[in-house]
Amino acid sequence: MINDTKFRTMFKLSRRLLFISLIIFISKSGFSQDPAVRLGLKIAPDISWMNTSEKDYNYNGASAGVSFGFISEFRLAEHYAISTGFNFSFLGGNLQFPYAKSPDTGTMSRKYNFRYLEIPIMVKMKTREYGNFSFFGQIGFGTGFMLRTQVNDNFSTPLHGTISDKLNLTTSDVSFLREAILVGIGTEYKIDESVSLLVGLSYSNSLNNVLQGKNTKDPTLSNQSSLNYLELNIGILF
């Protein structure tokens, strides 16, 4: 659940990002009679995984997911634009680490299922058109707000074998914000003067730890991992 304080934080940051985008748009309007603004929608299947450098914490597999959302582009020059919008992202990953739950100690194999609202801001650089095709690269930053994190646990103990459980984590276990560097490449196909089909690949590299707290078996260890993903973007721009 997201409490009022976290919601206000998310709202304030979203408002600031929107304000920056509007300032860019308005400033360009003063210099161009046709400041191209394009809006659209996207869906993106993804593969995500968790990386950790903490002792006794191990990568235990990737996870398939999907994101979908709204795209907006504000043209800065003929071949440059600011790309932003928002995405609802379903990401995941698997970790294995020591764990204690009274009266047992053992090894936890945990599958994370993250749900984020992500707001990207990127600079998009596009080539001239070759027929109906053009190609682009983009780079920028993304801020993800944790909406929900659910885990599937398999706790292996010497006394009771494997105990399975499913539960929701709170912000005492998971970071509310995920900051990331975003890079991507792709192509656009112009269907007509006002509609383009977008296909591309994007990579998101986490800049912060997405987990919180200490290990329950060894308090000298921290719950630590980044969350990265690769996605195939399919969208339409108007």
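Computed from a predicted structure; not experimentally measured. (Residues numbered from 1 in each chain as written. Predicted model: local features only at pLDDT ≥ 70, side-chain atom pairs only at ≥ 80, totals over all residues. Heavy atoms only, no water.)

**Here's the deal with the side chain of Asp153**
- Position of Asp153 among the secondary structure elements: in strand β6 (residues 133–157).
- Side chain to side chain, Asp153 and Arg110 meet in a polar contact 2.7 Å long.
- Aside from chain neighbours lying at most four places away, what touches Asp153 is Met108, Ser109, Arg110, Ile163, Ser164, Asp165 and Leu167. (Helix = DSSP H or I, 4+ residues; strand = E, 2+ residues; numbered from the N terminus. Polar contact = N/O pair within 3.5 Å; in protein donor to acceptor, adjacent residues only side chain to side chain. Contact = heavy atoms within 4.5 Å.)

**Examining the nonpolar core**
- Core analysis: the biggest nonpolar cluster contains 25 residues, and Met50, Phe97, Tyr112, Phe114, Tyr116, Val210 and Leu227 have the highest contact counts within it.
- Contributions of two or more residues to this core are made by β4 (80–101), β5 (104–126), β6 and β10 (226–237).
- In terms of residue count, β5 provides more of this core than any other element does, six residues in total.
- In contact with Tyr116, other than residues within four places in its own chain, are Asn87, Phe88, Ser89, Leu91, Gly144, Phe145, Met146, Leu147, Arg178, Val210 and Leu227. (Core = buried A, V, L, I, M, F, W, Y, C linked by side-chain atoms within 4.5 Å. Buried < 20%, exposed > 50% of the residue type's maximum accessible area, 1.4 Å probe, protein only.)

**A word on the side chain of Asn233**
- Examined against the element boundaries, Asn233 turns out to sit in strand β10.
- Of note is the side chain of Asn233, whose polar atom sits 2.9 Å from the side chain of Lys42.
- In contact with Asn233, other than residues within four places in its own chain, are Lys42, Ile43, Ala44, Leu198, Val199, Gly200, Leu201 and Ser202.

**Describing the layout of surface pockets**
- Of the volumes computed, that of the largest pocket is approximately 540 Å³.
- Forming the boundary of the largest pocket are 26 residues, of which Arg38, Arg75, Glu78, Lys126 and Glu129 lie nearest the centre.
- Of all the elements in the fold, those that place two or more residues in the lining of the largest pocket are β1 (37–51), β3 (63–77), β4, β5, β6 and β8 (177–190).
- Residues of the lining of the largest pocket, tallied by class, amount to nine nonpolar, six polar and eleven charged. (1 Å grid on protein atoms, 1.4 Å probe; cavity = no way out; pocket = protein on both sides within 12 Å on 5 of 7 lines; lining within 4 Å. Points joined across faces, edges and corners; volume = space filled by probe spheres on them. Nonpolar A, V, L, I, M, F, W, Y, C, P; charged D, E, K, R; others polar.)

**Observations regarding the environment of Glu188**
- Its location among the elements puts Glu188 in strand β8.
- Spatially, the C-alpha atom of Glu188 lies 9.1 Å from that of Ile236, the residues being 48 residues apart in sequence.

**Looking at the pairing of strand β9 (residues 196–206)**
- Alternating residues of β9 divide into Ser196, Leu198, Gly200, Ser202, Ser204 and Ser206, all buried, and Leu197, Val199, Leu201, Tyr203 and Asn205, none buried.
- The pairing of β8 with β9 spans eleven bridges and is classified as antiparallel. Note that in β9 the partner of Thr187 across the bridge is Val199.
- Bridging between β9 and β10 involves nine bridges; their strand directions are antiparallel. Note that in β10 the partner of Val199 across the bridge is Ile234. (Pairing = 2+ DSSP bridges.)

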